[in-house]
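Residue-level listing of the chains:
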Amino acid sequence: MKRKGTIISILSLVVVIICASCVSSSEQAENVLFENSISEDATPAVLARIMQADKKPISEIKFEKGTYHFYPDKGLEEYCHISNHCDVMVSTAFPIRNFENLTIDGQGSTFIFHGIMIPFLIDHSKNITVKNLSVDWHEPFHSEGLIIANDEVKKTFDMQISEKYPYEIRNGQIYFIKEYYEHNLGQTILYDPARKAITFNTEKYTNLTTSKKADVSRNLDRIHYKYEVDFRGPEYKNLGRENRLFVEELKPGVVRIHNHGKKMPQVGMILSTKGEQGFNRVAPAFRITHTYGFNANDVTVHHAGGMGLIAENSADLILDHFNVTPSHGRMVSTTADATHFVGCRGKVVLRNCTLTNQLDDASNIHGTYQKIVDVLDDYRIGVRMGHSQQKGFVIGIANDTLGLVRLSNSFYPYQHLTIKSTQYINGRYQIITLNEKLPAEVQAGDLIENLSAYPELLVENCHISGNRARGLLISTPKKTVIRNNFFSTEMEALLIPVESGHWYESGNGSNITITGNVFQDCNHSGLNRGIIRFETDDDNENIAFHKINIINNKFNQFDNLILEISNTDNLKFTNNTITNSGTFPMLYPENPAIKVKSSKNIVFKDNTYSGDAKIILESDESIPNLKFH
């Protein structure tokens, strides 16, 4: 008994020591306050303290309310592969790596960045909160010019450029000069300053036709590539192309652009330009990787040279009052998506967010298809990243479940296997070792997707408008709720795709509830698409989408087409109201309100239609007797 008592005493002492150590560690974590005295360039002070955190832990970083500038010159430099962005050398003052339970509180401050910086680089961390601050750039990564004249006969238009956007003309090409950065015309789109939104029917006018087929191209057929080549990559994108446009200055601040191939942009509109695709996504505001638990509360991103937030391989990301809105009278906020989630799990929540005037989608939630190029043995495959802006992405971690997919047969996996390990060879190529033996039917050209890396999604009480492209792209088979939001987007409000041939964005939409939303004049760019659209890029009749409920929504639309359904099983469209807004002239009056193809178990019930379509519902032979009610 005495021996037992001694053991218990020793164990009790060990517990006391461990608890004391925990208390001591907690007590050592500091609350750090940065004052306005560092505001002219906060990078050195903030970076220095964060880099001491391994020895002097931090639980909270606060900023005295004010405006803080961050320059790259003394920032931590790092080369980054960033999903859906350029591979780029960036600088940061906030390398939040291997942190746990950290809060960054701006207390109402504005952070202004200069050059190619990532304001918040968050990696391999847990329970990170950023709140009460706004992010902006002193010099934006895009430029804007007012259209003041055009000539359809001579194929010219004149643009007035304010002093906010310094420029040079070199060899007939215009370059906009920023701090640490410059861009040419590249990708362009028109904004209507009266509406502060993308111009109606902008597809007739933009993108500007900046290039044409090269006049001289010799012996290129003699170049042979042993392996697959992505000719959309930046290293190949100018192959066989030369400049089509040339630019002359008429007087300081006024330039004339020649040889545009579409209609000349309308006088009074604002042309936004951000440089060439493949080179123009260099500085997202938040880059989050391998992080479990991230909260953004009362955060506004006024601008970023890429996305407002890009999250990869992370979990439980909650954005509440995370806003993307332009500042300083600019038409444009971020130059790409407001938010984007790749290979995430757990929950993704966007609540009470205002996402406006970004140059791409409000949010895109998906996994990643990777192509099997080598079956190395019974347990190992070599896989290739399909798109140049997916380079470096690691598809999963040990014990994640992979699906083997052959889309010609099915949009769903034909086999499930689990990861033992992943060997990173280079940004394009990795070797995956599996716990289970590969099936006999596996072959090069099949795809893999990570079935463990899809999140549940909630988008609630958000305002999405004024932007280029779509509202939400949803590619997750987990429970999804889109509730009580407002949409007014240039393209589709909701796109539910299977995308396997360009961006290689995986995920079959299922278990989706779309309820209580208002859709106002979406798809005003000129594209012939539905407001809610289910789409695959593989031309077959296989089912890709399952269990969809579209309930109690209001569609107030200038044009006819509201809903496009394809490759869908079990969709209910009930208690919705469809009206014609009359805001713009119809672009496609011949369209029905609803198109259905390659689908089954579709139900329309208790809907109210007072639009102008001559035919409300058009369906193919897959559901020949489908009726709209």
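A. Main features of the overall build of the protein chain. The secondary structure content of the protein chain amounts to two helices and 54 strands. Here the protein chain has a C-alpha radius of gyration of 26 Å; the compact-globule value for 629 residues is 25 Å, and the two agree. In terms of overall dimensions, the protein chain has C-alpha extents of about 100 × 65 × 60 Å along its principal axes. For the protein chain, contacts bridging at least 24 residues in sequence account for 73% of all contacts bridging at least 6. Split by element, the accessible area of the protein chain, about 26300 Å² in all, is 49% carbon and sulfur. Counting 64 positive and 72 negative side-chain charges, the protein chain places the centres of these two groups 3 Å from one another.

B. Spatial organisation of the sheet that holds strand β30 (residues 370-375). Read once around its circumference, the closed barrel built from six strands follows the order β30-β31-β34-β33-β32-β35, with strand pairing classed as antiparallel. Averaged over all adjacent pairs, the angle separating strand axes in this sheet is 45°, with direction ignored. Two strands pair when backbone bridges link them, and β30 and strand β31 (residues 380-385) are joined in this way by five bridges, in the antiparallel orientation. Within β31, the residue paired with Gln370 across the bridge is Met385.

C. Broad picture of the environment of Val349. Mapped onto the elements of the fold, Val349 is located in strand β27 (residues 345-351). Excluding residues that lie within four positions of it along the chain, Val349 makes contacts with Leu317, Ile318, Leu319 and Leu458.

D. Examining the pairing of strand β19 (residues 246-251) more closely. Strand direction decides the pairing type here: β19 and strand β20 (residues 254-258), joined by five bridges, are antiparallel. Each bridged residue has a counterpart across the sheet, and for Phe246 the counterpart in β20 is His258. In this structure, the hairpin formed by β19 and β20 is closed by a connection of two residues, where Gly253 is found at a positive phi of approximately 90°.

E. The arrangement of the sheet that holds strand β15 (residues 188-192) in detail. Read from one edge of the open sheet, seven strands run β16-β15-β21-β10-β11-β20-β19, paired in antiparallel fashion. Looking along the sheet, the strands with just one partner apiece sit at the ends: β16 (197-198) and β19.

F. Inspection of the confidence of the model for the protein chain at higher detail. In the predicted model, the protein chain carries a mean pLDDT of 94, and 96% of its residues have values of at least 70. Note on residues 1-26: pLDDT is under 50 here. Beyond four places in sequence and across chains, it has zero contacts.

G. Structural detail: unusual backbone geometry. The omega angle of the peptide bond from Thr206 to Asn207 is 0°, so this bond is cis rather than trans. The topology assignment puts Asn207 in the loop between β16 and β17 (211-213). Its identity is not glycine, yet Gln107 carries a phi of approximately 50°, on the positive side. Among the secondary structure elements, Gln107 is positioned in strand β7 (residues 100-113). Its relative accessible area of 32% is what places Gln107 among the partly exposed residues. Backbone geometry at Asn352 places phi at a positive 60°, although glycine is not the residue there. Structurally, Asn352 can be placed in the loop between β27 and β28 (354-356).

H. A look at the pairing of strand β48 (residues 563-566). Burial along β48 is two-sided: Leu563 and Ile565 and Glu564 and Ser566, pointing in opposite directions, are all buried. Of the strand pairs in this sheet, strand β45 (residues 532-536) and β48 are connected by two bridges, and their pairing is parallel. Paired with Ile532 across the strands is Leu563, a residue of β48.

I. Layout of a nonpolar patch on the surface. A cluster of nonpolar side chains, namely Leu220, Ile223, Tyr225, Phe231 and Leu239, defines an oily patch on the protein surface of about 460 Å² accessible area. Counting through the fold element by element, Phe231 comes out in the loop between β17 and β18 (241-243). Using a relative accessible area of 43% as the deciding quantity, one classes Phe231 as partly exposed.

J. Quick peek at the packing of aromatic side chains. Overall, the coordinates contain 30 aromatic pairs when judged by the stated rule. Each ring, one from Phe70 and one from Phe94, has its centre 5.7 Å from the other, and the planes form 50°; the classification is tilted. Of the two residues, Phe70 is situated in strand β3 (residues 67-70) and Phe94 in the loop between β5 (88-92) and β6 (95-97); the sequence distance between them amounts to 24 residues. Pair check on accessibility: Phe70 and Phe94 agree, each one buried. Relative to Phe519, the ring of Phe487 has its centre 5.1 Å away and its plane inclined at 10°; by these criteria the two rings are stacked. You can see Phe487 sitting in strand β40 (residues 486-488) and its partner Phe519 sitting in strand β44 (residues 518-520), a full 32 residues away along the chain. Taken individually, Phe487 and Phe519 each receive the classification buried, so the pair is uniform in this respect. In this structure, Arg170 is placed above the aromatic ring of Tyr175, and the distance from its NZ or CZ to the ring centre is 4.4 Å.

K. Representation of the environment of Asp521 within the structure. The topology assignment puts Asp521 in the loop between β44 and β45. Using a relative accessible area of 5% as the deciding quantity, one classes Asp521 as buried. Considering only alpha carbons, one finds Asp521 and Gly582, 61 residues apart in sequence, at a separation of 9.1 Å. Those residues in contact with Asp521 that sit more than four places away from it in its chain are Ser488, Thr489, Asn556, Gln557, Phe558, Ser581, Thr583 and Phe584.

L. Broad picture of the nonpolar core. Within the largest apolar cluster, 114 residues are counted, with the highest numbers of intra-cluster contacts made by Phe94, Phe294 and Phe604. Residue contributions to this core peak at five residues, all from strand β9 (residues 126-137). Non-local contacts of Phe294, meaning those with residues more than four positions away in its chain, are made with Ile122, Ile128, Val130, Phe286, Ile288, Leu309, Ala315, Asp316, Leu317, Ile318 and Leu319. The next biggest cluster of nonpolar side chains, apart from the first, holds 19 residues, and it includes Met159, Tyr165, Val255 and Met269.

M. Spatial organisation of the side chain of Asn485. When you line up the elements, Asn485 lands in the loop between β39 (480-483) and β40. For Asn485, a relative accessible area of 3% puts it in the buried group. At 3.1 Å, the side chain of Asn485 and the backbone nitrogen of Asn461 are in polar contact. Not counting chain neighbours up to four residues away, the residues in contact with Asn485 comprise Val459, Glu460, Asn461, Cys462, Gly516, Asn517 and Val518.

Parameters at a glance
- Residue numbers here run from 1 along each chain, matching the order of that chain's written sequence.
- Where totals are concerned, whole chains, interfaces and linings use all residues; where local detail is concerned, this predicted model gives features only for residues with pLDDT of at least 70, and gives and counts side-chain atom pairs only at 80 or more.
- With hydrogens and water stripped out, all remaining heavy atoms of the structure feed into the side-chain values.
- Under the DSSP-based scheme used, a helix requires at least four consecutive residues in state H or I and a strand at least two consecutive residues in state E, with every element numbered from the N terminus.
- Just to be clear, the radius of gyration here is over C-alpha atoms, and the globule rule we use is 2.2 Å times residues to the power 0.38.
- Contacts are residue-level and defined by heavy atoms, with any inter-residue pair within 4.5 Å sufficient.
- Here the open area of atoms and residues is found with the Shrake-Rupley method and a 1.4 Å probe, where only the protein chains shown may cover a residue.
- Under the counting rule used here, the positive set is Lys and Arg, the negative set is Asp and Glu, and His together with the chain ends is not counted.
- Here the site of a charge means atom NZ of a Lys, CZ of an Arg, CG of an Asp or CD of a Glu.
- Here the rule is simple: two strands pair whenever DSSP picks up at least two bridges between them.
- Every axis corresponds to a line fitted to the C-alpha atoms, with the helix fit spanning only the stretch in contact, and the corresponding angles, defined between N-to-C directions, vary from 0 to 180 degrees.
- pLDDT is a residue-level measure of predictor confidence that goes from 0 to 100.
- For every residue, the accessible area (1.4 Å probe, protein chains only) is compared with the maximum for its type, and the residue is labelled buried under 20%, exposed over 50%, or partly exposed between those bounds.
- The residues that make up patches have over 30% relative accessible area and no salt bridge, and they are joined within 9 Å when like-charged or within 5 Å when they are Val, Leu, Ile, Met, Phe, Trp or Tyr.
- One speaks of a salt bridge when a side-chain nitrogen belonging to Lys or Arg is within 4 Å of a carboxyl oxygen belonging to Asp or Glu.
- Stacked, tilted and edge-to-face pairs are distinguished by plane angle, under 30 degrees for stacked and over 60 for edge-to-face with tilted covering the rest, among Phe, Tyr and Trp rings (Trp via its six-membered ring) whose centres lie within 6.5 Å.
- Working rule: Lys NZ or Arg CZ, within 6 Å of ring centre, within 35 degrees of ring normal, means a charge sits over the ring.
- Side-chain atoms within 4.5 Å are what join buried Ala, Val, Leu, Ile, Met, Phe, Trp, Tyr and Cys residues into a set we call a nonpolar core.
- Polar contact is the term for a pair of N or O atoms within 3.5 Å; when the atoms are in protein, one must be able to donate a hydrogen and the other to accept it, and sequence-neighboring residues count only if both atoms are side-chain atoms.

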